[in-house]
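Coordinate analysis (summary)
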Amino acid sequence: MNQPSHCDGCPDRGTGWVPPYGSGSNKIALIGMAPAEQELRQGQPFVGRAGTVLSKILRKVDARENFAIWNAMQCRHDKDQFDYEEFEEAIDWCGQHRRHFEQTYRPDVRVALGGVSFRTLVGSSVAISKARGYRFETNEGPVVATYHPNFLGRGKMNLLPVVMWDLTTALAERGKPPVAYPMADLTLYPNPDEFREWCRLAGAWSKFLALDLETEDSYGDEEDLESSSYVITRASLARDDFR
């Protein structure tokens, strides 16, 4: 798709332009990084390898077309993987497009797919592995962070239940838990016997089991393993067979 005239002054202009996809009727926006080559050819976000993974996840939640899906950057550069700093100027320039998408769809909650999207929406450089699953308040509304589907597609498919867990957080913002997904529980300072039972049941029922333990010192950019507390402040257990 041809680039809008707004792109003329971009200091780091790429090629093509991929608009949003979906009706946004469920009031949830999924925001990725930038279009890959396949997305550029089809003019739609998340239709390549990452799109296959994302569709697999969304089938458990809601029809793909009911979401609003776009990227932090609408044009394509030559790299499918990059850090925020590499294209910071282009991402900032695309802010005018993202604001237009926000005004058009008016989502109740936005899901940041990956670290570039998370930093774009929240302005934090916290690693996505530590930010995922949490709600972040911004002037435009709440943001929930999770892994990018492309990351899962590179040998990390065991983290599919983790992304489902994070989408559950986004759905909870709308008062609509995904009844089709068999979630486990979340607790603070879990009872060891209860925690052991969770693991036993999930291991018996599921192909994938995702466990995320966090301590009091695991929320910064750099976690000091030598001095970290061993008091568990959050234990997330998610499971699914994804057949």
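Residues numbered from 1 in each chain as written. Predicted model: local features only at pLDDT ≥ 70, side-chain atom pairs only at ≥ 80, totals over all residues. Heavy atoms only, no water.

1. Things to note about unusual backbone geometry
Positioned with a positive phi, K27 is a non-glycine residue whose angle comes to about 65°. Residue placement: K27 occurs in the segment before β1 (28–32). Even without being glycine, R106 reaches a positive phi, approximately 50°. In this structure, R106 sits in the loop between α4 (95–105) and β3 (109–113). (Helix = DSSP H or I, 4+ residues; strand = E, 2+ residues; numbered from the N terminus.)

2. Let's talk about the pairing of strand β5 (residues 141–146)
With 6 of 6 residues buried, β5 is to be regarded as a mostly interior element. For β3 and β5, the ladder comprises 4 bridges, and the chain directions are parallel. Bridge assignment links A112 to a residue of β5, and that residue is A145. Of the strand pairs in this sheet, strand β4 (residues 135–138) and β5 are connected by 4 bridges, and their pairing is antiparallel. Paired with E137 across the strands is P142, a residue of β5. Where β4 hands over to β5, the hairpin turn is made up of 2 residues, counted between the paired strands. (Buried < 20%, exposed > 50% of the residue type's maximum accessible area, 1.4 Å probe, protein only. Pairing = 2+ DSSP bridges.)

3. Considering the confidence of the model for the chain
Caution applies to low-pLDDT parts of the model: their predicted coordinates are not meant to be read in detail. Chain-level pLDDT for the chain is 78 on average; 72% of the residues reach the 70-or-more range. Mean pLDDT per element in the chain: strand β6 (residues 186–187) is the minimum at 40, and strand β2 (residues 68–71) is the maximum at 96. Segment residues 219–225 is flagged for pLDDT under 50; beyond a separation of four residues in sequence, or across chains, it makes 16 contacts in the model. (pLDDT = per-residue confidence, 0-100. Contact = heavy atoms within 4.5 Å.)

4. Section: the sheet that holds β2
Strand order in the open sheet made by the 5 strands is β2-β1-β3-β5-β4, with mixed pairing throughout. The open sheet has two edge strands, β2 and β4, and neither has a second partner. For this sheet, the mean inter-axis angle between neighbouring strands, taken without regard to orientation, is 30°. Here β1 pairs with β3 via 4 bridges, running parallel. Looking at the pairing, I31 lines up with A112 of β3. On top of the sheet, α4 reaches β2 and β3; it is set at about 175° to β2, its chief contact. (Axes fitted to C-alpha atoms, helices over the stretch in contact; angles between N-to-C directions.)

5. Focus: the pattern of salt bridges
Enumeration according to the criterion identifies 6 salt bridges in this entry. Here R119 ties to E85 by a salt bridge, and the two come within 2.3 Å at their closest N and O atoms. Separated by 34 residues along the polypeptide, R119 in helix α5 (residues 115–122) and E85 in the loop between β2 and α3 (88–93) bring together distant segments of the chain. When the shortest N-O distance is used, the salt bridge between R135 and E137 registers 1.9 Å. By relative accessible area, R135 is classed as partly exposed at 41%. You can call E137 exposed: its relative accessible area is 52%. (Salt bridge = Lys/Arg side-chain N within 4 Å of Asp/Glu carboxyl O.)

6. What to know about the nonpolar core
Residues L30, I57, L152 and L167 are the most contacted members of the largest nonpolar core, which totals 40 residues. In this structure, M73, F82, A90 and C94 belong to the second largest nonpolar core, which totals 11 residues. (Core = buried A, V, L, I, M, F, W, Y, C linked by side-chain atoms within 4.5 Å.)

7. Let's talk about the packing of helix α2 (residues 49–58) against helix α8 (residues 160–173)
Between α2 and α8, whose axes approach to 10 Å, the crossing angle comes to 60°. Here α2 is positioned oblique relative to α8, judged by the angle of their axes. Like other packed secondary-structure pairs, α2 and α8 cross with a definite hand, here right-handed. Side by side, α2 and α8 meet where V53, I57 and L58 of the first sit next to L160, V163, M164 and L167 of the second. Partitioning the contact of α2 with α8 into residue classes produces 7 nonpolar, no polar and no charged. (Parallel < 35°, antiparallel > 145°, perpendicular 65-115°, else oblique. Left-handed = near helix turned anticlockwise from the far one by under 90°. Nonpolar A, V, L, I, M, F, W, Y, C, P; charged D, E, K, R; others polar.)

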